[in-house]
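Architecture and fold: a report
Each chain, written out:
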Amino acid sequence: MKKIIQLLGVTILIFFISACNSEDVESDAQSDTNGYPERPVTFYVQYSAGGATDLAYRQFFSVAEKYLGETIVVENVTGGGGTVGLAELAKQEPDGYTLGNTSLQPLTITPHNQTVSYKASDFSYVGGWAKYLYGIAVRKDSPFKTFEDFIKASHDNPGMPYSDSGPGGITTLGISMLDKAEGNIPSWQSVGFDGGGEASAALLGGHVDFGINNPGAYKSSLESGDLRLLVSLSDTKWDLAPDAPTISELGYDFDITSWLGIGGPKGLPEEVIEVWSEVIQKTIEDPEFIEAAKNMDLPLDWMPGDEYEETVNEMYDVYGEIIEETNQ
């Protein structure tokens, strides 16, 4: 009887060990087959095909795909100054297979000016990977040789007109923030244009005293010497005009720096965020993409998702206050 009991105990032990091994094998198999991503990822760009943001992402993904290990399919979901694409992104399943561009303007500025169906907390933020810069430029024959010349003349002659590449957006708010810092005396007047190209042409044509725009719009004119950058209103100097100071270097307590950021619907799995964080950082360190970004005048940088979300919330409040004060 004792032998029978011992034999039964051994049998049960063998069965238990076999079951555990089976579970381990099954678990390993699941981790092998459930690894993200397993199929192509769709990515929403809220702006038109061929535009600066669209081209930046397509170039980015042409390199990023080798680190992700899957195809990335860009869909241009346009309308409402970028709000339509974000609204659609917020509706998607948070499975990591539909992501999108979470740039700052439609998250931090547009909701103050129009009704949108989303809020910043409706998204999971992977992180930012490149900066959009803005700055003030004048024609080569302008009497303003420095930013200090420009400020003095603005106080002496309030209301000088400027070419605004994004009326009501970040460029207008940048000038409003500078005006506030100067005691609201200069009271520069926005002359709005549909995009950076038209705004740059108006400045070159002498229709305004100065302009606020991005490096892409000013590139050829800065390289030819037809325009002179007085200041970068962002937190980064321009490679096109390395001698021009940043606004913070001149002692001002603000800047307007926008970001290209990647995010998805609220509730993205941590695995997805980790995978994409690694993909972004590897891509912006890839020599091929570094060269492409240089050609696009696009400074590369990395801002983790938690910091990016903090920036979104902070700038939402900052821009909201300015918009309320200026009735924009």
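A few points on the structure.

What counts, and at which threshold
Residues numbered from 1 in each chain as written. Predicted model: local features only at pLDDT ≥ 70, side-chain atom pairs only at ≥ 80, totals over all residues. Heavy atoms only, no water. Axes fitted to C-alpha atoms, helices over the stretch in contact; angles between N-to-C directions. Helix = DSSP H or I, 4+ residues; strand = E, 2+ residues; numbered from the N terminus. Parallel < 35°, antiparallel > 145°, perpendicular 65-115°, else oblique. Contact = heavy atoms within 4.5 Å. Nonpolar A, V, L, I, M, F, W, Y, C, P; charged D, E, K, R; others polar. Pairing = 2+ DSSP bridges. Buried < 20%, exposed > 50% of the residue type's maximum accessible area, 1.4 Å probe, protein only. Phe/Tyr/Trp six-rings, centres within 6.5 Å; stacked < 30°, edge-to-face > 60°.

Comments concerning the packing of helix H2 (residues 52-68) against helix H11 (residues 287-295)
- Their axes nearest at 10 Å, the elements H2 and H11 cross at an angle of 175 degrees. Relative to H11, H2 is oriented roughly antiparallel. Between H2, through Ala-56, Gln-59, Phe-60, Val-63 and Lys-66, and H11, the contact on the second element is made entirely by Glu-288, Phe-289 and Ala-292.
- Of the residues belonging to the contact of H2 with H11, the class tally is five nonpolar, one polar and two charged.

Here's the deal with the sheet that holds strand S8 (residues 210-213)
- One open sheet accounts for five strands, arranged S7-S6-S8-S5-S9; its pairing is mixed. With partners counted over all chains shown, the strands left at the sheet margins are strand S7 (189-192) and strand S9 (227-232), one partner each. When the angles between neighbouring strand axes are averaged without regard to direction, this sheet yields 30 degrees.
- One ladder, built from five bridges, connects strand S5 (residues 135-139) with S9; its direction is antiparallel. Residue Val-138 lies in a different strand from S9, and its bridge partner there is Arg-228.
- Relative to S9, helix H6 (residues 147-156) is tilted by about 85 degrees, and along the sheet it contacts S5, S8 and S9.
- Taken strand by strand, helix H7 (residues 170-181) contacts S5, strand S6 (161-164) and S8, and its axis lies near 145 degrees from that of S6.

Quick word on the side chain of Asp-179
- By secondary structure assignment, the location of Asp-179 is in helix H7.
- If sequence neighbours within four positions are ignored, Asp-179 has contacts with Asn-184, Ile-185, Pro-186, Ser-187 and Trp-188.

With respect to the pairing of S5
- With respect to burial, S5 is a largely interior element, five of its five residues being buried.
- Neither face of S5 is open: one carries Gly-135, Ala-137 and Arg-139, the other Ile-136 and Val-138, and all of them are buried.
- Bridge analysis of S5 against S8 gives three bridges, and the strand direction is antiparallel. Looking at the pairing, Ala-137 lines up with Gly-211 of S8.

With respect to the packing of aromatic side chains
- Scanning the entire structure with this criterion turns up 22 aromatic pairs.
- Relative to Phe-289, the ring of Phe-60 has its centre 5.4 Å away and its plane inclined at 80 degrees; by these criteria the two rings are edge-to-face. Here the residue Phe-60 occupies a position in helix H2, and Phe-289 occupies one in helix H11, the gap between them amounting to 229 residues.
- Look at Phe-289 and you get buried, because its relative accessible area is 0%.
- Here the aromatic rings of Tyr-118 and Phe-123 are separated by 5.8 Å at their centres, their planes lie at 70 degrees, and the arrangement is edge-to-face.
- Its relative accessible area of 0% is what places Phe-123 among the buried residues.

Looking at the pairing of strand S10 (residues 258-265)
- When you tally the buried positions in S10, you get eight out of eight residues, the bulk of the element.
- Two elements, strand S3 (residues 98-101) and S10, share two bridges in a ladder whose sense is antiparallel. Bridge assignment links Gly-100 to a residue of S10, and that residue is Gly-263.
- Across eight bridges, strand S4 (residues 123-132) lies against S10 in antiparallel orientation.

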